[in-house]
Amino acid sequence: MRSLTYLEAIREGLLQEIKRDKKVFMLGEDIGHFGGPFKVTQGFLEEFGQKRIIDTPICESGFIGFAVGAALFGLRPVVEIQFFDFVACGFNQIVNYAAKCKYRWGANVPLVIRGPMGAGNRAGPFHSQSEEIWFGHTPGLKVVMPATPYDAKGLIKAAIRDNDPVIYFEHKNLYRRIRGEVPEEDYIVPIGKAKVVQEGKDITIVTYGAMLHKVLEVIKEKELADISCEVVDLRTIYPLDTETIINSVKKTSRLLTVHEDSKTFGPAGEITQRVCEYAFDYLSAPPVRATSIDTPIPQSPTLEDRYLPSNTDIKKAIRKILDY
Amino acid sequence: MYEIRLFEETLYEIYLKEPMPGAMHQCTGQEACAVGICENLNGDDYVTSTHRGHGHYLAKEGDLNKLMAEMYAKETGCCHGMGGSLHVADFSVGMLGATGIVGAGIPISAGAGLSIKLRKTKQVVVCFFGDGASNQGAFHEGINLASIWKLPVIFVCENNLYGVSTHITSVITVKNVADRASAYGIPGIVVDGNDVLAVYEVAQEAINRAREGKGPTLIECKTYRHRGHSRFDPAIYQPKEEKEEWFKNDPILHFKRYLVDKKIASEDEIKTIEKEVVAAMEEAVRFAKSSPDPAPDSAARYTYVQEDIIL
């Protein structure tokens, strides 16, 4: 099968959906001729014209609200946030409008908000954040974060076809670094379904996004050769696929959660709590989390490396659980 | 102005040759805006900046070595490597900080203006922002607040025609950003942002007005950036003819010509000044390169006033 980069897979998913459904259109800052800072939408304007690919002024609150309005009345907007950190400027329109129109009015908001997130690029505190929990904690939204090209294409298509607002996170460090097999044909990856990426029997490692690749790299290291790790890629942050996590922990009896988001009130807390609620009796060690630390994201490479969970942090966490 | 230009061009040469962390948003070509405005300011006046803030920092008499060290994300940088180019600040000289969020500094400047008003000092705040920021809600909210409470803030739009790649004419329907001042009942002034003396003059009047308690002014400096939005942008959207036209009106060439023509300074005197700046720049690079990286465990040191909370 063909191999595509993560970025190419997102592009293909978007292109196919724009072609498939006339109601789908895109809007955002510099997505037209410029193609966005990471060139995800390069060539889209030339192919689909200004009615489908709309360059907006710099006004996140304005164009997100605009997209909610369009979604309420029959269109399927896909909003690009140039760097996901900037979504904070449009917060009200997402958490009060997009998320609550169905609940308040019974009205569908088939809206996708997508864009690059994540650290590791020495880009400092306003261009590196993990924002999933801002939205994962807001009922009415769905939140997805693919880690592989296959899932990136399948999830963007699922997100666009979904009748609820979906926040779709793309880790900018995966765009050109990660390649994988992607079928050319139409397929979707269902929202709300995690995936067991590697089977194992000693410990369950739940992760998602760029951290999936780090975890897969770490568990191959010699020092861990005696440990059989089962790796679960969440793919969707909300709704959380509790069943897949619980089934895995029932099998391995141990849980490590790894995420790039900072620690306190991060997804690991929720995942651990669910495991405690539904599989406490199966646990043979207290669950552990390896996450970023509770600070903003520094620009300095030495500080950013300290901020992010390192290979050593993950290895230590695995050992700690196994040695309990 | 030459110091700012040389700083930006030195950075440009460095990051083409060797690794340098982070994005860089450079103000090459826009130097006269920062200098023309800030020459009117006192040490205790304030400036809020944009993502393109190196010039504002230097014009507000921020330390060159500390700025260069921040580009290298070193411990000796003005923000100890926490923020890099996008976040340069030095409160000790009244430089209240650059920002990666477009327009975010506008309400902040109004708040700084309120603090001045309540403390009853004669300080002022200059709020720099770009043409793109004038479409953010924060622009309306911040200027409106400053206007209704007659705060000592001078709003300075550096209109370089592009918000990243998007031309200003496709995102606003008025001819000038300054035309929007009428919505707040404050003066709106358009000036050639590449003419440092013209900028100086309009700024002087606006700053005097603010010091006298007569409230804010919106100044729009028409200018042009000579390089891309950031180091990763080759700016292919800038048409050749447009570029050539603006490059002819280079603020530094323009002012040099003026100084020589009016016999205020000779070519030799200007060269001497330039040599001093070159030497200072070399020293800044040496200082930055030889400075230590921040210690890894200092990552958590500035989160709260107390230092014992994290991990």
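The structure reproduced in this document is the subject of the present report. Quick caveat: nothing in here was measured; it's all calculated off a predicted structure.

Procedures and definitions
- Residues numbered from 1 in each chain as written.
- Chains lettered and ligands numbered in written order.
- Predicted model: local features only at pLDDT ≥ 70, side-chain atom pairs only at ≥ 80, totals over all residues.
- Heavy atoms only, no water.
- Helix = DSSP H or I, 4+ residues; strand = E, 2+ residues; numbered from the N terminus.
- Buried < 20%, exposed > 50% of the residue type's maximum accessible area, 1.4 Å probe, protein only.
- Lys, Arg positive; Asp, Glu negative; His and termini not counted.
- Charge placed at Lys NZ, Arg CZ, Asp CG, Glu CD.
- Pairing = 2+ DSSP bridges.
- Axes fitted to C-alpha atoms, helices over the stretch in contact; angles between N-to-C directions.
- Contact = heavy atoms within 4.5 Å.
- Buried area = accessible area lost by both parts, 1.4 Å probe.
- Salt bridge = Lys/Arg side-chain N within 4 Å of Asp/Glu carboxyl O.
- Polar contact = N/O pair within 3.5 Å; in protein donor to acceptor, adjacent residues only side chain to side chain.
- Nonpolar A, V, L, I, M, F, W, Y, C, P; charged D, E, K, R; others polar.
- Patch = residues over 30% accessible without salt bridge, like charges linked within 9 Å, V, L, I, M, F, W, Y side chains within 5 Å.
- Areas by Shrake-Rupley, 256 points an atom, 1.4 Å probe, with all protein chains shown as cover.

## Focus: the overall build of chain A
And then number 1: Across its full length, chain A holds 12 helices and 14 strands.
And then number 2: Projected onto the principal axes, the alpha-carbon positions of chain A cover approximately 60 × 40 × 40 Å.
And then number 3: Looking at chain A residue by residue over its 324 residues, the buried ones come to 62%.
And then number 4: Between the averaged position of the 41 positive side-chain charges in chain A and that of its 42 negative side-chain charges there is a distance of 2 Å.

## Some points on the sheet that holds strand β6 (residues 188–192) of chain B
Each strand in a sheet pairs with another by means of backbone hydrogen bonds, the pair being arranged parallel or else antiparallel.
All names here are of chain B.
And then number 1: Taken together, the 5 strands give an open sheet; going across it, the order is β1-β2-β3-β7-β6, and neighbouring strands pair in parallel fashion. For this open sheet the edge positions go to β1 (46–48) and β6, each flanked by a neighbour on one side alone. Averaged over all pairs of adjacent strands, the angle between strand axes in this sheet comes to 20 degrees, irrespective of strand direction.
And then number 2: Judged from the 6 bridges that link them, strand β2 (residues 125–130) and strand β3 (residues 153–159) form a sheet pairing that is parallel. Across the sheet, Phe128 pairs through a bridge with Val156, a residue of β3.
And then number 3: Sitting on the sheet, helix α2 (residues 31–38) touches β1, β2, β3 and β7 (217–222), and the angle it makes with β2 is about 170 degrees.
And then number 4: Against the sheet, helix α5 (residues 105–119) touches β1, β2 and β3, its axis set at about 175 degrees to β2.

## Description of the interface of chain A and chain B
And then number 1: Taken together, the contacts link 29 residues of chain A with 36 residues of chain B.
And then number 2: Each partner contributes to the roughly 2,500 Å² buried at the junction of chain A and chain B, and carbon and sulfur atoms together form 66% of this total.
And then number 3: On the chain A side of the interface with chain B, the three residues burying the most area are Ile58, Gln299 and Leu303 of chain A, jointly 25% of the side's total.
And then number 4: There are 1 salt bridge connecting chain A and chain B.
And then number 5: Between Arg306 of chain A and Asp297 of chain B there is a salt bridge, and its shortest N-O distance comes to 2.8 Å.
And then number 6: Seen at the junction of chain A and chain B, the total is 9 residue pairs in polar contact (both at pLDDT 80 or more).
And then number 7: The leading source of residues in the side of chain A that touches chain B is helix α11 (residues 301–307) of chain A, at 4 residues.
And then number 8: Residue classes in the side of chain A that touches chain B are distributed as 15 nonpolar, 8 polar and 6 charged.

## Focus on a nonpolar patch on the surface
And then number 1: Together, Leu145, Ile148 and Trp149 of chain B make up a nonpolar patch on the protein surface, roughly 290 Å² of accessible area in all.
And then number 2: Take Leu145 of chain B: it is sitting in helix α6 (residues 137–148).

## So, the sheet that holds strand β5 (residues 112–117) of chain A
Residue and element names in this part refer to chain A.
And then number 1: Here we have 7 strands laid out as an open sheet, ordered β3-β2-β4-β5-β7-β6-β12, and mixed in their pairing. Two strands in the sheet have a free side with no partner beyond their single neighbour: β3 (53–55) and β12 (236–238). The mean angle between the axes of side-by-side strands here comes to 20 degrees, regardless of whether they run parallel or antiparallel.
And then number 2: Summarising the sheet, strand β6 (residues 142–144) and β12 pair through 2 bridges and their orientation is antiparallel.

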